[in-house]
Amino acid sequence: MTHPMLTLLRQAKFMTSAPRLSACPPNIGYEVAFAGRSNAGKSSAINALTNQRQLARASKTPGRTQLLNYFSLDEERRLVDLPGYGYAAVPLAMKEAWQKELENYLIKRESLQGLIVLMDVRHPLQKYDEMLLNWAQRRQLNVHILLTKSDKLNRSPALAALQAMKKQLKDKNIVATVQLFSALQKTGLEDAADVLAQWLHYPPQVENEAAITTDSQP
């Protein structure tokens, strides 16, 4: 049986692109943002989760896409593909402008329920990754990390990288969950869907049933 969240994700449609926070859709409902360094596999992950080949399009020139791309799932729920960050060839002034806009979005967007951060399993937790996680921490935002391209490693090294990542997060006092993910092999989809379902309150009755269960306990 297909995960209900994965079924909803397959309905994803391009909604709009916003160059800045003020141009984003109305700040209502629920949305989850995807962020990561250029070439971390963000577009591939979104396409794998939505089972659509070209919903999120990777720029031919990494680091040049400066738009917040919105995808609607239904009337209340959205995914947001944030600009890639940390690309070395981008001018410093442009990097700083992106960072400020990204920080504004993460701190001020009330409908934002959580942040999916994508990191190449072979090169996790770089400088800009830590900066992003610290912004999210400041707002007490839910964070889930996908260690992408896990198919590039054998199982044992991949699991070792996962455990090392968990230890680094603990040592840095960063609160986040983390998993292995491969868009190519489509592994880790259901684990990611579990997180998205919780943050996007889907299906809606799950939240109601949980409340009933809690209330009925002595």
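The following refers to the structure shown. (Residues numbered from 1 in each chain as written. Predicted model: local features only at pLDDT ≥ 70, side-chain atom pairs only at ≥ 80, totals over all residues. Heavy atoms only, no water.)

### Structural notes on the sheet that holds strand S6 (residues 142-148)
At step 1: Taking strand neighbours across the sheet as the criterion, the 7 strands line up as S1-S3-S4-S2-S5-S6-S7 in an open arrangement whose pairing is mixed. Since the sheet does not close on itself, it has two edges, and those belong to strand S1 (13-18) and strand S7 (177-180), each with one partner. Shown here is a sheet whose adjacent strand axes are inclined to one another by a mean of 25 degrees, direction ignored.
At step 2: Against the sheet, helix H2 (residues 42-50) engages strand S2 (30-36), strand S4 (77-81) and strand S5 (112-120), with an angle of about 140 degrees to S2.
At step 3: In the packing of helix H3 (residues 92-108) onto the sheet, contacts are made with S2, strand S3 (68-72), S4 and S5, and the angle to S5 comes to roughly 135 degrees. (Pairing = 2+ DSSP bridges. Helix = DSSP H or I, 4+ residues; strand = E, 2+ residues; numbered from the N terminus. Axes fitted to C-alpha atoms, helices over the stretch in contact; angles between N-to-C directions. Contact = heavy atoms within 4.5 Å.)

### What about the nonpolar core?
At step 1: The biggest cluster of nonpolar side chains holds 35 residues, and the ones touching the most others in it are Leu82, Leu106, Leu115 and Ile145.
At step 2: Residues Ala40, Phe71, Leu146 and Ala197 belong to the second largest nonpolar core, which totals 30 residues. (Core = buried A, V, L, I, M, F, W, Y, C linked by side-chain atoms within 4.5 Å. Buried < 20%, exposed > 50% of the residue type's maximum accessible area, 1.4 Å probe, protein only.)

### Digging into the pairing of S5
At step 1: Burial within S5 is extensive, with 8 of its 9 residues counted as buried.
At step 2: Sheet topology note: the S2/S5 ladder contains 6 bridges and is parallel. Each residue of the ladder has a partner; that of Glu31, found in S5, is Leu112.
At step 3: Pairing of S5 with S6, which is carried by 7 bridges, proceeds in the parallel orientation.

### A word on unusual backbone geometry
At step 1: Following Tyr202, the chain continues into Pro203 via a peptide bond in cis, with omega recorded as -5 degrees.
At step 2: Note that Pro203 resides in the loop between helix H6 (189-199) and helix H7 (204-216).
At step 3: In this model, Asn51 sits at a positive phi of 55 degrees, which is unusual for a non-glycine residue.
At step 4: With respect to the helices and strands, the residue Asn51 is situated in the loop between H2 and S3.
At step 5: For Asn51, a relative accessible area of 48% corresponds to the partly exposed category.

### With respect to the packing of aromatic side chains
At step 1: What the rule picks out here adds up to 1 aromatic pair.
At step 2: Taking the centre distance of 6.0 Å and the plane angle of 70 degrees together, the rings of Phe14 and Phe71 count as edge-to-face. Linking Phe14 in strand S1 with Phe71 in strand S3, this pair joins segments that are 57 residues apart in sequence. (Phe/Tyr/Trp six-rings, centres within 6.5 Å; stacked < 30°, edge-to-face > 60°.)

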